[in-house]
Structures are given as structure tokens and as C-alpha cells.
Amino acid sequence: MSQDCEVIVVGGGPVGVMALALLGHAGVRAVGIEREPELWGQARAVHFDGETVRSFQSMGLGEELSARIKPMCDYRMENEAGETLVAHATGQMGPQAWHSEVLFHQPEVDALLRAEVERLADVELRLGTTLLDIQQGDGSVRCTVRTPDGTTQTLTARWVIACDGATSTVRRTLGISGENLGTDDPWLVVDGHLRGTAGIKGDMVFLGRHTRPALWIRLPGDRVRMEFKVLPEDDREEIATPAGIARLSRGVLTPQNFEPDRIAVYTFRARLAMSWRVGNVFLAGDAAHLAPPLFGQGLCAGLRDVANLVWKIRLVSRGRAPESLLDTYESERKDHARYWVQQAATMAGLVQTTDPVMAAQRDAHIRANPADGYPSAPALGPGVHTGPADPHAGRISMQPMLPDGTRLDDLVGRRFLLAATPELTAGLPDPVRKALEEEPEVAVLTSPQHVGQLLASVDAPAVLVRPDRYVLGTAHTPEELEALLRLLPLAGAPEPRREMSPPQQENTLQA
């Protein structure tokens, strides 16, 4: 069956448009459909981590994104009495070679991504286009859509990535059920401009007040966000008025100093789709998982989904990897997303309790266990890596800043990276070394100035890093390295080959 493109992306939010942009950079023909005719001008997500900024860097957008964000310099939680229970300094440059936590105004980021899609030749986003039905067969997926002029059209592709949000039409059409990992709790979110006052000290503050749990976030410029738990006795119309907001914020957001541009009640939910793949259709972002907005990992998780999936689609599309590689998308990402959903749901329960006895118990627990207030990132689930035997496998790699001021990913491109000492690569059998020299999907770097920090971070003389920057595995001997290379999901493995991606800065196995 003829196909209009290789991939149809359903949903034009940040996850869907990031998928389109990544597909465009990968040379995979894709069409995105979005039912809204224009960019939504209001903020939803406000936080990225360093890994997410690194994903923008992979498309050459790192510096442009940096101009639209601000580092989140501190994070803390306080209780009813104003006591700080836990605090973290978060403004430093992190192991991703970007600030570890950043804050932004989402419409500016959405516009940046859409502009990149418009610039790329192989992808397009069709606005005002609504998905009506989805069918599969003969190795293709057929999407029936309503176009902006009201006519019905069928689009056909090899794969579909459903990034159509919490109420996903694709998920519902495919009959995919969800797992509930927490409670549903309504909160009032208020975004706007704060002028003439500093507001609450800190960039992100969880206000664990049992009388009214709340959240404070200082965004770029004069923008701020506050969120308040909606209580059963609240009049929802009254709390959304200027007077109601001033009362809930305890005088922080008043009609005299605060100009709102969004006031809405939304519900904290913790959900995980039971299946992330049906045939050639994949769920990503909120269509696959929902988490309360604690730790700011909701959008980050969605962007990880498409970063994980796109490099695999690229290899399968080019005939360089078997179709079975796509089976590892759900197995890797679902466990990782589940962890963050559960962590956020647990923290939501701690932050938003309205029982003074439970609040006191929470305060005592956090004082004794401050690390619980800021959990570390997990490893991927089973897939294309050697974990859990290797503690570094399945985890995001660090990115060195190179002596000339560039970052390592800019040298490697969207390839696998073998970082190793010259001594270790010299010990490989000649056929394996020759295969590496000819493989365009693997960059080999052995110069200490390029990979010294990376090797030190995994405490090994060799590390194999995937195109999404997650560690495939490490090796300590030539024999272990040869075995590791056999795990590359490339046609021709176990004898992989190698070619540097532009710029050509290292063309031999020893620097």
C-alpha cells in the first residue's frame, strides 16, 4: 500500500512537535496533525531538566532555548509554620553540560519547536486537522482526519506516534486502559505577571500548609505561577477572583501587583497506560502517562519518550535494524515513567495533606529523610543495554564540555558513541576494528580531551552510548568490549563499523 509518509504524529503539543522535529533531523518523512488551528498561548508545563535541554541541543537548538529559559536556582519545601523542611541548590551547571533545572514560559518553547519543524524539509504540521478514526493492516496505519475546510481525508503511514494528550483519541480508539497510581485532586493554577514585589523567596517552593497546600514558581522575567489545592468547601468561582487569589496566596498576589493571564482548575492525576504499543501505533507523553506536577517531570518524560523512539524508528526505516528494535520502546520507557509517576504521586500526598496530624508526621519524616524530597533519576527498563548487571547501563550519560568550549554531542551527532582508551581499542581483533572504521552509525573517540571525563564518570576504559545518550554498557577488557559491540542493534552486528559524524575531528582509533 502506498504511504503518504513514514510516520504520522497525532498531537501538536510540545511532545508531538518535538517528535516531528527529531524525525525531520533524522531524515524520516512525517506529518503531524493538530486539531487546534493556532498555537495555544497559555502556559502549562514550566520546567525542564538538563537532559531535556540536551535533547534540544541535538537539533542545534540548545543556545536558542537558553535564551528563553532561566536556571532554577533553588528548590525547597516549607510547612505551615514557615519552617524549611528540605532545600536544594539547583542553579549549577550539571552533568548534561547544561543547567540541571530550568524554568520557562511554554508558549515561547512551543514557538521555537514549531519554527524548527517549518524549517525542516521532511516534516510538516497540519493545524486544524482532527483525527476521526485509526485503522491498521498490511503493515500500514490509516488515519481518517477532518481537514480545516471540513472535508474528510485518509492519511497512511508505516507508524503512528500518538502524542494527543491525557484524553488521547488514539488511546481511546485502540481500547487501551490505564492504571491509576494515585488520587485525583483538584488544584487552582494561576499564571501571570508580578510587579513591584519580590513575592516568595525562592524559584520553586512547595508550601506544605495543611490549611491550604500551595506551590510557588518564579518564571523568566516577571512571570510567576502559584497553585493552590481546591478544598471541598471552596466556592470555585470565588477563589478564581482577584480577591480570592489574594486571600489564597496570603497577600502575595494582589490586584495591585499581579496581572493574571491564566486562572484554571485542573486535576492532579497519576496514570499509566497499560499498553504503549498496538501494532504500529505508539503512545507517548500524556497519552501514555500522567503525573502530578511534582519534580517537574511530566513534560520531560514525554520528551524522553520520543527521543527514545525516534532513533529506533530511524534505524528500522533505513533497514539498519530489525523491526523488533521497536519492541524495546515500551519496555524501556514504561518502567522509567512509572517511577516518576509514583514519586510524584507520593510527594503529592505528602505536600497536599490537609490533616494536621499527618502533616506533623510528614514534617518529621522529611527532617529525618531529606533525600526523599528530591529523588534521583532511575535507569531504563529492560532493552538495548546491559543493565542491571552494569550500574551505569540504561542511565543517561554525562556530557563533557570540551576544551574549545563545545559540547561532546556536537562532535558525535545523532550516532552511537564508542568512547574508549586507545589501548583498549587496539586490543580488538582486526576484523572488528576494520568494521568499526567503516560503520557510519558509530562514532569512535579515544582522545582523553574528548572522552576523559566521560570514562571517569563510568569508571571504565570504554563506554558505548546510544543516540539518545543513554549508556548501552561499559567494558574493561578487549574481550568485554567486543561482546559489548555485538549488542549494537545494527544490521551487520556483531562486527560493527565506524565513521565520524561531521565535523571530522578524529579519524583514527588513537588521538
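Calculation rules
- Residues numbered from 1 in each chain as written.
- Predicted model: local features only at pLDDT ≥ 70, side-chain atom pairs only at ≥ 80, totals over all residues.
- Heavy atoms only, no water.
- Core = buried A, V, L, I, M, F, W, Y, C linked by side-chain atoms within 4.5 Å.
- Buried < 20%, exposed > 50% of the residue type's maximum accessible area, 1.4 Å probe, protein only.
- Helix = DSSP H or I, 4+ residues; strand = E, 2+ residues; numbered from the N terminus.
- Contact = heavy atoms within 4.5 Å.
- Pairing = 2+ DSSP bridges.
- Right-handed = clockwise from strand over helix to strand, strands pointing away.
- Polar contact = N/O pair within 3.5 Å; in protein donor to acceptor, adjacent residues only side chain to side chain.
- Axes fitted to C-alpha atoms, helices over the stretch in contact; angles between N-to-C directions.
- UniProt positions renumbered as here; feature names shortened; annotations may be inferred.
- Parallel < 35°, antiparallel > 145°, perpendicular 65-115°, else oblique.
- Left-handed = near helix turned anticlockwise from the far one by under 90°.
- Arc of directions from axis to C-beta.
- Nonpolar A, V, L, I, M, F, W, Y, C, P; charged D, E, K, R; others polar.
- Lys, Arg positive; Asp, Glu negative; His and termini not counted.
- Salt bridge = Lys/Arg side-chain N within 4 Å of Asp/Glu carboxyl O.

Let's shift gears to the nonpolar core. One finds Leu23, Phe48 and Phe56 to be the most contacted residues of the largest nonpolar core, which totals 96 residues. The biggest single contributor to this core is helix H8 (residues 298–317), with 11 residues. The residues contacting leucine 23, other than those within four sequence positions of it, are Val7, Val9, Val28, Ala30, Val123, Ile161, Val310 and Ile313. Counting 22 residues, the second-largest nonpolar core is a separate cluster that includes Met72, Trp187, Phe206 and Met347.

With respect to burial, strand E2 (residues 30–34) is a largely interior element, five of its five residues being buried. Along E2, one buried face is formed by Ala30, Gly32 and Glu34 and the opposite face, lined by Val31 and Ile33, is buried too. Of the strand pairs in this sheet, strand E1 (residues 5–10) and E2 are connected by four bridges, and their pairing is parallel. Following the sheet pairing, valine 10 is matched in E2 by isoleucine 33. Regarding the hand of the β-α-β motif, the stretch spanning E1, helix H1 (residues 14–25) and E2 is right-handed.

Here serine 331 is to be found in helix H9 (residues 328–351). Serine 331 sits in the partly exposed class, given a relative accessible area of 28%. Between the C-alpha atom of serine 331 and that of histidine 450, which follows or precedes it by 119 residues, the distance is 32 Å. Once residues lying within four places of it in the same chain are set aside, the contact partners of serine 331 are Gly381, Pro382 and Gly383. Looking at serine 331, its side chain comes within polar contact range of the main-chain oxygen of threonine 328, at 3.2 Å. A polar contact is formed between the side chain of serine 331 and the backbone oxygen of proline 382, at a distance of 2.6 Å.

Turning next to the sheet that holds strand E13 (residues 185–194). The sheet built from seven strands is open, its strands ordered E6-E5-E14-E15-E16-E13-E17 with mixed pairing. Two strands bound the open sheet, and with one partner strand each, they are strand E6 (84–89) and strand E17 (258–268). When the angles between neighbouring strand axes are averaged without regard to direction, this sheet yields 10 degrees. Its contacts with the sheet put helix H10 (residues 356–368) on strand E5 (74–79), E6 and strand E14 (204–208), and the angle it makes with E5 is roughly 140 degrees.

When the UniProt feature table is mapped onto this chain numbering, "domain: FAD-binding" (unreviewed entry) sits at residues 4–343. Structurally, residues 4–343 is divided into 27% helix and 34% strand, and its ends, taken at the C-alpha atoms, are 41 Å apart.

Think of two packed helices as two axes; the pair is described by the angle between the axes and how far apart they sit. The N-to-C vectors of helix H2 (residues 50–57) and H8 enclose an angle of 45 degrees; their axes lie 10 Å apart at closest approach. Between H2 and H8, the interaxial angle falls into the category oblique. In the crossing of H2 with H8, the sense of the turn from one axis to the other is left-handed. Between H2, through Glu51, Thr52, Ser55 and Phe56, and H8, the contact on the second element is made entirely by Cys300, Leu303, Arg304 and Ala307.

A few words now on helix H15 (residues 478–485). Listed in full, the buried residues belonging to H15 are Leu481, Glu482, Leu484 and Leu485. Projected down its long axis, H15 shows its buried positions confined to an angular sector of 160 degrees, all on one face. On the buried face of H15, the contacting elements are strand E22 (416–420), helix H12 (422–426), helix H13 (430–438), strand E24 (462–465) and strand E25 (471–475).

For the pair H8 and H9, the least separation of the axes is 10 Å and the interaxial angle reads 165 degrees. In terms of orientation, H8 lies roughly antiparallel with respect to H9. Handedness of the H8/H9 crossing: right-handed. On H9, the residues that touch Ala301, Arg304, Asp305, Asn308, Leu309 and Lys312 of H8 are Thr328, Tyr329, Glu332, Arg333, His336 and Trp340. Each residue belonging to the contact of H8 with H9 can be placed in one class, and the counts come to four nonpolar, three polar and five charged.

Inspection of the secondary structure assignment puts glutamate 6 in strand E1. Among buried Asp, Glu, Lys and Arg side chains, glutamate 6 stands out as unpaired, with arginine 29 the closest opposite charge at 4.4 Å.

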